[in-house]
Amino acid sequence: MKIASWNVNQLNAEKVVRIYETLENEKIDVMFILETKRKKEMIEELFQKSKEKGFSLLSSVHVPAHYHGLCVLYKSSIKELKQIDLKDTLLQKIPNRKDNKNKEQNAYDGRVIAFEYKQMAIVCSYTPNAGRNLCYLQYRQIWDQHFQEFLVELDKKNKNGVVWIGDINVAPTEIDVTKPKLMKSYPGFSQQEKTSLQNFEKDQKWCDLWRHEHPKIMDYTWVRPSTNSAMRLDSIWISPTVQIKKLAHNSFILPFQADLSNIDHKAIGCNISTIN
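What counts and how
Residues numbered from 1 in each chain as written. Predicted model: local features only at pLDDT ≥ 70, side-chain atom pairs only at ≥ 80, totals over all residues. Heavy atoms only, no water. Helix = DSSP H or I, 4+ residues; strand = E, 2+ residues; numbered from the N terminus. Buried < 20%, exposed > 50% of the residue type's maximum accessible area, 1.4 Å probe, protein only. Contact = heavy atoms within 4.5 Å. Phe/Tyr/Trp six-rings, centres within 6.5 Å; stacked < 30°, edge-to-face > 60°. Expected span 1.5 Å × (residues − 1). Polar contact = N/O pair within 3.5 Å; in protein donor to acceptor, adjacent residues only side chain to side chain.

Caption draft 1: Main features of unusual backbone geometry. Although it is not a glycine, Asn9 sits at a positive phi angle of roughly 55°. The topology assignment puts Asn9 in the loop between strand E1 (2-7) and helix H1 (13-25). Among the residues examined, Asn9 registers a relative accessible area of 17% and is labelled buried. Of note in this structure, Lys27 is not a glycine but carries a positive phi near 55°. Position of Lys27 among the secondary structure elements: in the loop between H1 and strand E2 (30-34).

Spelled out as structure tokens, the structure:
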């Protein structure tokens with residue numbers, strides 16, 4: 001099974017066409033689409049042809065819709081893929097950010113979708129950005145703490161481990177940014193954000209799959225052509241069980257789709273081995 005994640009920076013008809021093309025050309029079975037910034041009804045309208053193309057659609061939105069949001073297209077033929085109800089997980093501990101005026105929503109609404117697949121958990125997240133001048137850094141650290149606890153909990157419940165994919169919103173090391181000295185205070189490359197992820201990697205023995213498979217290659221998933229700045233903010237992390245059983249492999253970063261309006265991320269993905 002081939003999975004992918006793409007932050008599209010607001011979904012529109014033009015991007016839906018490219019998503020369908022990517023699904024077909026790359027033979028992707030599960031595509032997580034991040035930062036949709038659309039109401040659920042609009043997402044369903046934009047993907048109204050998904051069923052005839054053999055895909056089912058799920059979405060997680062935020063109200064108001066211009067904040068984040070994500071959805072997933074997955075092949076309807078994959079019967080073993082079951083959505084995880086996040087209401088009974090440790091994600092409930094994450095408080096809403098202070099600028100979130102909708103107190104009826106959970107902090108993870110529009111940010112996390114998770115599935116069980118043959119006793120493996122597949123989690124996609126659009127992780128909160130630390131904000132301009134790192135104004136939301138403290139909240140980001142709270143998010144990291146509880147989200148990492150959630151991943152560890154899932155790993156204990158699934159004998160085939162956890163695959164975490166999405167816009168993680170942190171570039172782990174200097175090789176993952178174009179200008180490490182200049183960008184050291186950028187959201188996504190602050191020392192606090194790097195330390196949080198590095199400690200998780202060290203303490204829980206998780207692995208950055210793409211970097212593990214491409215130890216010396218410099219490639220980036222977020223780009224800003226106007227300043228020649230780029231970072232590898234989107235990534236795939238796998239738990240120790242997935243590593244030992246070699247259940248995730250052949251990770252990739254697709255080319256930048258510069259012709260699309262307001263696009264600033266590349267799609268990423270990997271293969272999941274058949275699990276008995």
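Caption draft 2: Geometry of the environment of Leu86. Here Leu86 is to be found in the loop between strand E5 (81-83) and strand E6 (112-117). Looking at Leu86, the relative accessible area reads 9%, which means it is buried. On a C-alpha basis, the gap between Leu86 and Tyr108 in space is 8.5 Å, while along the polypeptide they are 22 residues apart. Among residues more than four places away in sequence, those in contact with Leu86 are Leu91, Gln92, Tyr108, Val112, Ala114 and Phe150.

Caption draft 3: Inspection of the side chain of Thr36 at higher detail. Inspection of the secondary structure assignment puts Thr36 in the loop between E2 and helix H2 (40-46). For Thr36, a relative accessible area of 0% corresponds to the buried category. Sequence-distant contacts of Thr36, defined by excluding residues within four places in its chain, comprise Gln10, Leu11, Ile43, His68, Gly69, Leu70 and Cys71.

Caption draft 4: Quick look at the packing of aromatic side chains. Under the definition given, this model contains eight aromatic pairs. Seen in terms of ring centroids, Trp143 and Phe147 are 5.8 Å apart; in terms of plane orientation they differ by 15°. Their pairing is stacked. Residue Trp143 and its partner Phe147 are both found in helix H3 (residues 137-157); the two are separated by four residues, about one turn of the helix. A ring pair is formed by Trp164 and Phe200, whose centres lie 6.4 Å apart and whose planes are at 80°; its orientation type is edge-to-face. You can see Trp164 sitting in strand E8 (residues 162-167) and its partner Phe200 sitting in helix H4 (residues 191-204), a full 36 residues away along the chain. In this structure, Trp164 and Phe200 share a single accessibility class: buried.

Caption draft 5: Expanded view of H1. Along its 13 residues, H1 runs 18 Å from first to last C-alpha, staying within 8% of the 18 Å computed at 1.5 Å per residue. Among the residues of H1, those classed as buried are Lys15, Val16, Arg18, Ile19, Tyr20, Thr22 and Leu23. Summarising the contacts, the buried residues of H1 are in contact with E1, E2, H2, strand E3 (55-60) and strand E4 (70-75). Capping the start of H1, Asn12 holds a side-chain oxygen 3.2 Å from the backbone nitrogen of Glu14, two or three residues further along. Positive phi appears at Lys27, one or two residues downstream of H1, with a value of about 55°.

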